[in-house]
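Analysis of the macromolecular model
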Amino acid sequence: NAGVTQTPKFQVLKTGQSMTLQCAQDMNHEYMSWYRQDPGMGLRLIHYSVGAGITDQGEVPNGYNVSRSTTEDFPLRLLSAAPSQTSVYFCASRVTTGENYGYTFGSGTRLTVV
Amino acid sequence: ILNVEQSPQSLHVQEGDSTNFTCSFPSSNFYALHWYRWETAKSPEALFVMTLNGDEKKKGRISATLNTKEGYSYLYIKGSQPEDSATYLCAFPQTGANNLFFGTGTRLTVIP
């Protein structure tokens, strides 16, 4: 049981490049989400999904796309990287039924856009 | 967008001291309140999910209380140890049980 797996752990991009951050979970969690962590700010929600085929925007969705073709995978795409997207990105999942369960987080992807 | 505030922002205590910090959240339409522990270079780990007014949860030397009527939760650490050094986050769901809105955290340093 690996939990939530994120790849890559580190990435440097040039402005304008695109890339996909991968997130996979093996816990059969229906809910998955992407957050970004910036200095002095709390974790901010980018996009989320409540099940395969269903995605929606969070607080800071601009410049990012997501898809959810399977329960296990929830990739985050940067369409045209900008320096403002330099951040640490976390994927998190949880069961959707029952309010007493916390999120399980991946280990994070540190992205630098130059 | 909800407002979740944590205080203090940072805290230094001596090993063996007990300490506590506060999370304030909107008291209307309460669903749940989460606490997470986030060690440097790791990812956040769930400590507690609290749902009932007056709830008190405990995990080893760490405990938390909840007051949904006045919109606050306290996290207590008894007899702090260096391994307790971490940032402690609270979070409040924006949509039912999901889409957590996180506070900026309280960074605890326990000095040996």
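Residues numbered from 1 in each chain as written. Chains lettered and ligands numbered in written order. Predicted model: local features only at pLDDT ≥ 70, side-chain atom pairs only at ≥ 80, totals over all residues. Heavy atoms only, no water.

This part is about the environment of Phe 74 of chain A. Residue and element names in this part refer to chain A. Mapped onto the secondary structure, Phe 74 falls in the loop between strand 7 (64-66) and strand 8 (76-78). You can call Phe 74 buried: its relative accessible area is 0%. Setting aside residues up to four positions removed in sequence, Phe 74 forms contacts with Cys 23, Met 32, Ser 33, Trp 34, His 47, Tyr 48, Ser 49, Thr 55, Val 66, Ser 67 and Arg 68. (Helix = DSSP H or I, 4+ residues; strand = E, 2+ residues; numbered from the N terminus. Buried < 20%, exposed > 50% of the residue type's maximum accessible area, 1.4 Å probe, protein only. Contact = heavy atoms within 4.5 Å.)

Take the nonpolar core next. Membership of the largest hydrophobic core comes to 24 residues, with the highest contact counts inside it found for Phe 21, Leu 33, Trp 35, Phe 48, Leu 75, Tyr 88 and Leu 108 of chain B. Of all the elements, strand 9 (residues 86-95) of chain B adds the most residues to this core, at 4 residues. The residues contacting Phe 48 of chain B, other than those within four sequence positions of it, are Leu 33, His 34, Trp 35, Lys 57, Lys 58, Lys 59, Ile 62, Ser 63, Ala 64 and Leu 75 of chain B. Met 19, Leu 76, Leu 111 and Val 113 of chain A belong to the second largest nonpolar core, which has 19 residues in total. (Core = buried A, V, L, I, M, F, W, Y, C linked by side-chain atoms within 4.5 Å.)

A few words now on the sheet that holds strand 8 of chain A. Backbone hydrogen bonds are what pair the strands of a sheet, in a parallel or an antiparallel way. Residues and elements named next belong to chain A. As summarised here, the arrangement of the 4 strands in space is 1-3-8-7, forming an open sheet in which the pairing is antiparallel. Because the sheet does not close on itself, it has two edges, and the strands there are strand 1 (4-7) and strand 7. Averaged over all adjacent pairs, the angle separating strand axes in this sheet is 20°, with direction ignored. By the bridge criterion, 3 bridges tie strand 3 (residues 19-25) to strand 8 in an arrangement that is antiparallel. Each bridged residue has a counterpart across the sheet, and for Thr 20 the counterpart in strand 8 is Arg 77. (Pairing = 2+ DSSP bridges. Axes fitted to C-alpha atoms, helices over the stretch in contact; angles between N-to-C directions.)

Our focus in this paragraph is the state of the cysteines. Throughout the structure, instances matching the rule amount to 2 disulfides over all chains. Residue Cys 23 of chain A pairs covalently with Cys 91 of chain A via a disulfide, S to S 1.9 Å. Disulfide Cys 23 of chain A to Cys 91 of chain A: torsion about the S-S bond roughly -70°, handedness left-handed. Of the two residues, Cys 23 of chain A is situated in strand 3 and Cys 91 of chain A in strand 9 (residues 87-94); the sequence distance between them amounts to 68 residues. A sulfur-sulfur distance of 2.0 Å marks the disulfide that ties Cys 23 of chain B to Cys 90 of chain B. When the S-S torsion is 80°, as for the bridge of Cys 23 of chain B with Cys 90 of chain B, the disulfide is right-handed. One end of the pair, Cys 23 of chain B, is in strand 3 (residues 19-24); the other, Cys 90 of chain B, is in strand 9, with 67 residues separating them in the sequence. Each member of the pair, Cys 23 of chain B as well as Cys 90 of chain B, carries the same accessibility label: buried. (Disulfide = S-S within 2.5 Å.)

Function cannot be inferred from these measures alone, as they are strictly geometric.
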